[in-house]
Amino acid sequence: MDAADAAVVGRVVEARAGELRGAPVRLLTVEVDQRVKGRGLDDPLVVRSPARTDCDLDVPERVAVGLLLELAPDGAWLGTACSVVEAGALVAAGGEPRGGPIKVALGLVILALVLAWAVLRLRRGTRPQLPGPPRP
């Protein structure tokens, strides 16, 4: 995923044949379910793939799939057979961290409780009886 310019989870909704500089290509229209990496990703996203080669991006339509994409010099998104990954694994590996504000709030509540307990004990003047060396 580090080498990819973009990573998305989406569904191929249309595949059509095309040609680029005399070479056959497939243009896949991908409806993006979740952006995992990358900026400037449209929805739907058009992905260009080689056609009639061993590297064809051949995925079933309307099935969620993870795609690792490369940005071509002409601004098109490129995908090959090696671009396909399992959607759940892609989201787990690179999804946005969730629950950040909740974790901070819980941490502050716990800190406040510990500090209140410490101040209360300090005011009372009680100290715990810790094990130590024997008294003479």
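You'll find the structure just up there.
Q: Help me out: how do you make sense of the overall build of the protein in this one?
A: In terms of regular secondary structure, the protein is built from two helices and six strands. Going residue by residue from the N terminus, the α and β elements of the protein occur as β-β-β-β-β-β-α-α. Scaling as 2.2 N^0.38, a compact globule of 136 residues should have a C-alpha radius of gyration of about 14 Å, whereas the protein reaches 27 Å, well beyond that. If you line up the protein on its principal axes, its C-alpha atoms span 95 × 30 × 30 Å. In the protein, once contacts between residues fewer than 6 apart in sequence are set aside, the share between residues at least 24 apart is 54%. Surface accessibility of the protein: about 9,700 Å² in total, with carbon and sulfur atoms responsible for 59%. With 17 positive and 16 negative side-chain charges, the protein shows a spacing of 21 Å between the two charge centroids.

Q: How should I be thinking about the pairing of strand S4 (residues 65-71) in this particular structure?
A: Looking along a regular strand, one sees side chains alternate from face to face of the sheet. The buried fraction of S4 is high, at five of seven residues. Looking at chain direction, S4 and strand S6 (residues 84-85) are connected through two bridges and run antiparallel. Bridge pairing links leucine 67 to valine 84 in S6. As defined by bridge partners, S4 adjoins strand S5 (residues 77-78) across two bridges and the pair is classed as antiparallel. Bridge pairing links leucine 71 to tryptophan 77 in S5. Following S4, the chain reverses through five residues before pairing antiparallel with S5; glycine 75 in that reversal takes a positive phi of roughly 90°.

Q: Sorry if this is basic, but what is going on with the environment of threonine 53 here?
A: Within the secondary structure layout, threonine 53 lies in the loop between strand S3 (45-50) and S4. Once the C-alpha coordinates of threonine 53 and alanine 3 are considered, the two residues, 50 residues apart in sequence, prove to be 23 Å apart.

Q: Sorry, what's going on with the pattern of salt bridges here?
A: Where charged atoms of side chains with opposite charge meet at close range, the side chains can pair. Taken as a whole, this structure holds two salt bridges when the rule is applied. We note a salt bridge from aspartate 33 to arginine 11, for which the minimum N-O separation is 3.1 Å. Note that aspartate 33 is positioned in strand S2 (residues 23-37) and arginine 11 in strand S1 (residues 6-20), a separation of 22 residues in sequence. Given a relative accessible area of 39%, aspartate 33 falls into the partly exposed group. Residues aspartate 74 and arginine 48 are paired through a salt bridge, measuring 3.1 Å at the closest nitrogen-oxygen approach. Here aspartate 74, found in the loop between S4 and S5, pairs with arginine 48, found in strand S3; they are 26 residues apart in sequence, far enough to count as distant.

Analysis parameters
- Each residue is numbered by its place in its chain's sequence as written, counting from 1.
- Predicted model: local features are reported for residues with pLDDT of at least 70 only, side-chain atom pairs are reported and counted for 80 or more only, and whole-chain, interface and lining totals are derived from all residues.
- To obtain the side-chain values, all non-hydrogen atoms of the structure were included, while hydrogens and water were left out.
- The helix count covers DSSP runs of H or I at least four residues long, the strand count covers runs of E at least two residues long, and both are numbered beginning at the N terminus.
- A radius of gyration in this sense is built from C-alpha atoms; the matching globule rule multiplies 2.2 Å by the number of residues raised to 0.38.
- Residues count as neighbours in contact if any of their non-hydrogen atoms are within 4.5 Å of one another.
- Surface accessibility in these figures is a Shrake-Rupley result with a 1.4 Å probe; residues are shielded only by whichever protein chains are displayed.
- Only four residue types enter the charge count: Lys and Arg as positive, Asp and Glu as negative, with His and the chain ends excluded.
- By convention, charge coordinates are those of NZ in Lys, CZ in Arg, CG in Asp, or CD in Glu.
- Three labels apply to residues, based on accessible area from a 1.4 Å probe with only protein chains included: buried if under 20% of the type maximum, exposed if over 50%, partly exposed otherwise in between.
- Strands qualify as paired when DSSP identifies two bridges or more between them.
- Salt bridges are identified by distance alone: a Lys or Arg side-chain nitrogen within 4 Å of an Asp or Glu carboxyl oxygen.

That is the geometry; function is a separate question.
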